Amino acid sequence: MFEKSDEQLIEKALSGNKRAWMNLLKRYEVQIYNYGIRMTGNKDDALDLMQEVFISVFRNLSNYRGDGSFRGWLFKIAHYRCIEFYRRKKPNQSIDDTPETESNERALEDSFSAIQQSNQVVSAMQHLPLAQKSVVELKFFGQFTFDEIAEQLGISNNTAKSRLYSALAKLKTLLEVEYV
């Protein structure tokens, strides 16, 4: 069957269709959760952040004007909720949980290595200022363009680029120190 566009789902959700709302939520829940993991460094906090984001979207869906993509609007809300999160909590929390895999030995080693590298990147990101962390998250994990990032964060295109390159230099230094 054909997949409905975000705009079609929004229109139906605004008219009270709960199934449309759930489809919209399901479409973006993994992306928002992963955003939360990378921004907070903790899966419980990521779940809390995801819940706050979707509550905000639910309450403000009627305010979505359709000027840009719904995805961009959603991540802008996620960014603001993340700022609120950092105002309430300390940002330097480590990830202690690693997913378990039932597979052969080689696949287990590969999986563990990938998880370890992912955890190291997430851990290193926790040392970045929120402004830089947001740009890294949106560019590499959200796959947004510099124009979209600038619009979402309310900054210029050049500022987005500058923050990204500064963040990458810091991440490189942090990750090199970790491997030495």
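Parameters at a glance
Residues numbered from 1 in each chain as written. Predicted model: local features only at pLDDT ≥ 70, side-chain atom pairs only at ≥ 80, totals over all residues. Heavy atoms only, no water. Helix = DSSP H or I, 4+ residues; strand = E, 2+ residues; numbered from the N terminus. Buried < 20%, exposed > 50% of the residue type's maximum accessible area, 1.4 Å probe, protein only. Contact = heavy atoms within 4.5 Å. Areas by Shrake-Rupley, 256 points an atom, 1.4 Å probe, with all protein chains shown as cover. Salt bridge = Lys/Arg side-chain N within 4 Å of Asp/Glu carboxyl O. Axes fitted to C-alpha atoms, helices over the stretch in contact; angles between N-to-C directions. Parallel < 35°, antiparallel > 145°, perpendicular 65-115°, else oblique. Left-handed = near helix turned anticlockwise from the far one by under 90°. Nonpolar A, V, L, I, M, F, W, Y, C, P; charged D, E, K, R; others polar. Phe/Tyr/Trp six-rings, centres within 6.5 Å; stacked < 30°, edge-to-face > 60°. Lys NZ or Arg CZ within 6 Å of the ring centre and 35° of its normal. pLDDT = per-residue confidence, 0-100. Patch = residues over 30% accessible without salt bridge, like charges linked within 9 Å, V, L, I, M, F, W, Y side chains within 5 Å. Bend = angle between axes of the 7 residues up to and from the residue. Polar contact = N/O pair within 3.5 Å; in protein donor to acceptor, adjacent residues only side chain to side chain. Core = buried A, V, L, I, M, F, W, Y, C linked by side-chain atoms within 4.5 Å.

Undergrad: A description of the overall build of the protein chain should follow, citing residues and the corresponding values.
TA: Summing up its helical and strand segments, the protein chain has eight helices and zero strands in all. N-terminal to C-terminal, the α/β element order of the protein chain is α-α-α-α-α-α-α-α. Counting all 180 residues of the protein chain, 38% fall into the buried class. Excluding contacts between residues fewer than 6 apart, the proportion of contacts in the protein chain whose partners are at least 24 apart in sequence is 63%. Summed over all atoms, the accessible surface of the protein chain reaches about 11,100 Å², with 50% contributed by carbon and sulfur.

Undergrad: Talk me through the pattern of salt bridges; I want residue IDs and the actual numbers.
TA: Counted under the stated rule, the structure contains five salt bridges. Its salt-bridge partner being Arg 65, residue Asp 67 comes within 2.9 Å of it at the nearest N-O pair. Like Asp 67, the residue Arg 65 is exposed in the burial classification.

Undergrad: Report on the packing of helix α4 (residues 70–88) against helix α7 (residues 146–153), specifying residues and quantitative values.
TA: One way to put it is that α4 packs onto α7 with a least axis distance of 9 Å and a crossing angle of 50 degrees. Regarding the angle of α4 to α7, the classification is oblique. As for how α4 packs across α7, the hand of that crossing is right-handed. In contact with Gly 72, Phe 75, Lys 76, His 79 and Tyr 80 of α4, α7 contributes Glu 151, Gln 152 and Leu 153. Its residues assigned to classes, the contact of α4 with α7 comprises three nonpolar, three polar and two charged.

Undergrad: How would you sum up the packing of aromatic side chains? Please name residues and give values.
TA: According to the stated counting rule, one finds eight aromatic pairs in the structure shown. Positioned above the aromatic ring of Phe 144, the side-chain terminus of Arg 71 is 4.2 Å from the ring centre.

Undergrad: Please provide a residue-by-residue account of the packing of helix α2 (residues 18–40) against α4, values included.
TA: Viewed as axis vectors pointing N to C, α2 and α4 meet at an angle of 40 degrees, and their least axial separation amounts to 11 Å. Crossing hand, α2 versus α4: right-handed. Between α2, through Leu 24, Tyr 28, Gln 31, Ile 32, Tyr 35, Met 39 and Thr 40, and α4, the contact on the second element is made entirely by Phe 70, Arg 71, Leu 74, Phe 75, Ala 78, His 79, Cys 82, Phe 85 and Tyr 86. Its residues assigned to classes, the contact of α2 with α4 shows twelve nonpolar, three polar and one charged.

Undergrad: Talk me through the confidence of the model for the protein chain; I want residue IDs and the actual numbers.
TA: Mean pLDDT over the protein chain works out to 81, with 81% of the residues at or above the 70 mark. Taken element by element, the predicted model of the protein chain shows its lowest mean pLDDT in helix α5 (residues 105–125) (60) and its highest in helix α3 (residues 43–60) (92). Considering only residues more than four positions removed or in separate chains, one finds that residues 91–104, a stretch of pLDDT under 50, has 22 contacts.

Undergrad: Residue-level account of a nonpolar patch on the surface, with values.
TA: Side chains of Phe 140, Phe 141, Tyr 165 and Leu 168 sit close together on the surface and give an oily, nonpolar patch of about 380 Å² of accessible area. With respect to the helices and strands, Phe 140 occurs in helix α6 (residues 130–141). Among the residues examined, Phe 140 registers a relative accessible area of 41% and is labelled partly exposed.

Undergrad: Requested: an account of α2, with residues and values cited.
TA: The principal kink in α2, of about 45 degrees, is found at Tyr 28. Listed in full, the buried residues belonging to α2 are Ala 20, Trp 21, Leu 24, Leu 25, Tyr 28, Ile 32, Tyr 35, Gly 36, Ile 37, Arg 38, Met 39 and Thr 40. The opening residue of α2, the one whose side-chain oxygen lies 2.9 Å from the backbone nitrogen of Arg 19, is Asn 17. Phi for Gly 41, located one or two positions after α2, is positive at around 80 degrees.

Undergrad: Can you explain the nonpolar core? Please cite residues and give values.
TA: Judged by nonpolar contacts, the single largest core of 43 residues is most densely connected at Ile 32, Val 53, Val 57, Leu 61, Phe 70 and Leu 74. Among the elements of the structure, α1 (6–14), α2, α3, α4, α5, α6, α7 and α8 (157–179) are those that each provide at least two residues to this core. Apart from residues no more than four positions distant in its own chain, Ile 32 is found in contact with Met 50, Val 53, Phe 54, Leu 74, Phe 75 and Ala 78.

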